[in-house]
Amino acid sequence: MRSRERRSGPSMIDVAALAGVSHQTVSRVLNGHHGVRPETRARVLAAMEALAYRPNLAARTLVTGRSRVIGVVTLGCQLFGPMSILSGVERAARTVNYSVRVATCRGASRSELRAAVERLVSQGVDGVIVLTPLHVDDLAGLAMELPLVVVGALPKAGVPVVAGDQADGARLATEHLLGLGHRTVWHVAGPDGWFESALRIEGWRAALAAACAPEPHLLAGDWSACGGYQAGLRLAHEPGVTAVLAANDQTALGVLRAFAEHGRRVPHDVSIVGFDDTPESAYFNPPLTTVRQDYEELGRRALVRLRESIGGGSPTAERIVLTPTLVVRSSTALPPP
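The rules behind the values
Residues numbered from 1 in each chain as written. Predicted model: local features only at pLDDT ≥ 70, side-chain atom pairs only at ≥ 80, totals over all residues. Heavy atoms only, no water. Pairing = 2+ DSSP bridges. Helix = DSSP H or I, 4+ residues; strand = E, 2+ residues; numbered from the N terminus. Axes fitted to C-alpha atoms, helices over the stretch in contact; angles between N-to-C directions. Parallel < 35°, antiparallel > 145°, perpendicular 65-115°, else oblique. Left-handed = near helix turned anticlockwise from the far one by under 90°. Contact = heavy atoms within 4.5 Å. Buried < 20%, exposed > 50% of the residue type's maximum accessible area, 1.4 Å probe, protein only. Expected span 1.5 Å × (residues − 1).

## Examining the sheet that holds strand S2 (residues 99-104)
Piece 1. Spatially, S2-S1-S3-S4-S5-S11 is the arrangement adopted by the 6 strands of the open sheet, whose pairing is parallel. Each edge of the sheet is formed by a strand with only one pairing partner; in this case those strands are S2 and strand S11 (319-322). Strand-to-strand twist of the sheet, defined as the mean angle between neighbouring strand axes without regard to direction, takes the value 20 degrees.
Piece 2. When strand S3 (residues 127-131) meets strand S4 (residues 148-151), the two strands line up parallel, connected through 4 bridges.

Okay, structure coming up:
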């Protein structure tokens, strides 16, 4: 007796039947066509999830010449910003039925970045998003070879860039503290070599100069609470310190600890502003005033820009910049009398 052939899983026709659409509509959703109404796309995606439908990527690649897989190069660090951007890329990719593969490298040298990109290309990705927080001036060559977008590079990168306005965020924070009446603002910076550190220092200095406020000695940090604590110990012994801008929220947490240990009350004696608006910052003691960046939106914009390039857009050095916002909480107040 001839055995019945078993199906390996649900088909596109099964998805179409459950969603109440044609299989052509399912195909358009799979291939990211724009001519599908949002509610129809949502219904198709829900049907795919309900049926655990997995499209045959190999067959689709033969037909379309694309794998619908994008690569992301990261430095492998666990900082809030890069991890949130990666989350934004992955979330946006799922909505248009793309998969994401990640390659990590220890540094941002040309050889290390190229090796990471080549690993992804060998796996058949359609394009690459590079999350590099370090100064890179030679990615333009890679961008000419394949669709590529950089998240956060300096304007001179010569490649498509999506970034938050770091200098403007530091300017907002510094102006907030000066506006409360503080004579000047001290800054615990991020590590050398990171463009985010450099741009936040630039915004801090610009705000001080615009207000004709004296510029205190810059303190170096390393994005960590430990680095902030060490800088905070130095600041706690400076009687003239009434306002501090920390390079990120973790740095601010360390500064808060150092001040508490030395009897410097926040915000009664010293006001502190962080950067990034991490989920924990609202629960610091006191709740932290900080600069909010929409990291997930950065990831989404990067994916949109990459898909445009994959779709035939010419590689330009377009730069998309998102404006940060200041979140005022209880760690800032008028200076002590």
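## Digging into unusual backbone geometry
Piece 1. Along the chain, Val266 connects to Pro267 via a cis peptide bond; the corresponding omega equals 10 degrees.
Piece 2. The step from Asn285 to Pro286 runs through a cis peptide bond, and the omega angle for that step is 0 degrees.
Piece 3. Looking at where Pro286 falls in the secondary structure, it is placed in the loop between strand S9 (271-276) and strand S10 (289-292).
Piece 4. Here Asp277, not a glycine, exhibits a phi torsion of approximately 55 degrees, which is positive.
Piece 5. Among the secondary structure elements, Asp277 is positioned in the loop between S9 and S10.

## Description of the packing of helix H1 (residues 12-19) against helix H3 (residues 38-51)
Piece 1. Contact geometry for H1 and H3: axes closest at 9 Å, N-to-C directions at 120 degrees. One element, H1, and the other, H3, form an angle in the oblique class. Our pair here, H1 against H3, has a crossing hand that is right-handed. Seen from H1, the contacting residues are Asp14, Val15, Leu18 and Ala19; seen from H3, they are Arg43, Val44, Ala47, Met48, Ala50 and Leu51.

## Overview of the pairing of strand S1 (residues 69-74)
Piece 1. Among the 6 residues that make up S1, 6 are buried, leaving the element largely enclosed by the rest of the structure.
Piece 2. Neither face of S1 is open: one carries Val69, Gly71 and Val73, the other Ile70, Val72 and Thr74, and all of them are buried.
Piece 3. Pairing geometry for S1 and S2, over 6 bridges, is parallel. Along S2, the bridge assignment pairs Thr74 with Thr104.

## Points about helix H8 (residues 166-179)
Piece 1. With 14 residues, H8 ought to run about 20 Å at 1.5 Å a step, and its terminal C-alpha atoms sit 20 Å apart, in line with that.
Piece 2. Of all 14 residues in H8, 10 are buried, a share of seventy percent or more.
Piece 3. Those residues of H8 lying buried are Gln166, Ala167, Asp168, Gly169, Ala170, Ala173, Thr174, His176, Leu177 and Leu178.
Piece 4. Tucked into the core, H8 has its buried residues touching strand S5 (161-164), helix H9 (195-210), strand S8 (243-246), S9, S10 and strand S12 (325-327).
Piece 5. Just downstream of H8, Gly181 is the residue with a positive phi angle, here 110 degrees.

Function-wise, these values are silent; they only describe arrangement.
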